[in-house]
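# Tertiary structure, described
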Amino acid sequence: MARWEGFRQCPGCGYDIFTGEGVRGCAWGDCPYLPEDLDPFCPYCRFNFFTMEGNPPCEDPMTCEHAVEPRAHVENLRKLAGETTGG
């Protein structure tokens, strides 16, 4: 089992890791316990490859050199979303 497969949010945290919205249960900007393999944000501009939202400086975020790892993490997020929704 991969490290991210057992990830559970902190009790009382209202932050939705799938949409990036909601009230966090702590003062951190990002979830400090989110495994790297679930992080869909570009490390350069913080574009979210899961929701496809943000303001990337590049013309095509899908071909950006900084996007290789975050795009790979999207599949992990989809699997986790299926586990939490029962799908």
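One can find the structure itself at the top, above this paragraph.
The structure contained in this document is the topic of the report that follows.

What counts, and at which threshold
The residue numbering used here restarts from 1 in each chain and proceeds along that chain's sequence as written. Per-residue local features are limited, in this predicted model, to residues with pLDDT of at least 70; the limit for side-chain atom pairs, both in listing and counting, is 80 or more; totals at the level of whole chains, interfaces and linings are taken over all residues. Excluded from the side-chain calculation are hydrogens and water; included are all heavy atoms of the structure. To qualify as a helix, a DSSP run of H or I must reach at least 4 residues; to qualify as a strand, a run of E must reach at least 2; elements of each kind are numbered from the N terminus. For this measure, only C-alpha atoms enter the radius of gyration; the expected value for a globule follows 2.2 Å times N^0.38, where N is the number of residues. Type-normalised accessible area, obtained with a 1.4 Å probe on protein chains alone, sets the label of each residue: buried when under 20%, exposed when over 50%, and partly exposed for intermediate values. We call two residues contacting when some pair of their heavy atoms lies within 4.5 Å. What sets the accessible areas is the Shrake-Rupley method with a 1.4 Å probe; for residues, cover comes only from the shown protein chains. When two rings of Phe, Tyr or Trp (its six-membered ring) have centres within 6.5 Å they constitute a pair, described as stacked for plane angles under 30 degrees, edge-to-face for angles over 60, and tilted for the intermediate range.

### Some details on the overall build of the protein chain
Each helix and strand in the protein chain was counted, giving 1 helix and 0 strands. Taken against the 2.2 N^0.38 rule, which gives 12 Å for 87 residues, the C-alpha radius of gyration of the protein chain at 13 Å falls within 12% of a compact globule. With respect to the principal axes defined by its C-alpha atoms, the protein chain has extents near 40 × 30 × 20 Å. Every one of the 87 residues in the protein chain was classed for burial, and the buried ones make up 28%. In the protein chain, the proportion of contacts linking residues at least 24 apart, taken out of those at least 6 apart, comes to 48%. When the accessible surface of the protein chain is summed, it comes to about 5,800 Å², and 51% of that surface belongs to carbon and sulfur atoms.

### Details of unusual backbone geometry
The phi angle at Arg46 is positive, at roughly 70°, despite the residue not being glycine. Overall, Arg46 belongs to the partly exposed group, its relative accessible area being 36%. In the Ramachandran plot, Met52 falls in the positive-phi region, its phi being about 60° despite a non-glycine side chain. Considering the arrangement of structural elements, one finds Met52 in the segment before α1 (68-85). On the basis of relative accessible area, Met52 is assigned to the partly exposed category, the value being 42%.

### Considering the packing of aromatic side chains
Going through the model one piece at a time under the given rule, you end up with 1 aromatic pair. Considering the side-chain rings of Phe47 and Phe49, the 4.9 Å spacing of their centres and the 75° angle between planes classify their relative orientation as edge-to-face. Phe49 carries the same exposure label as Phe47, and that label is buried.

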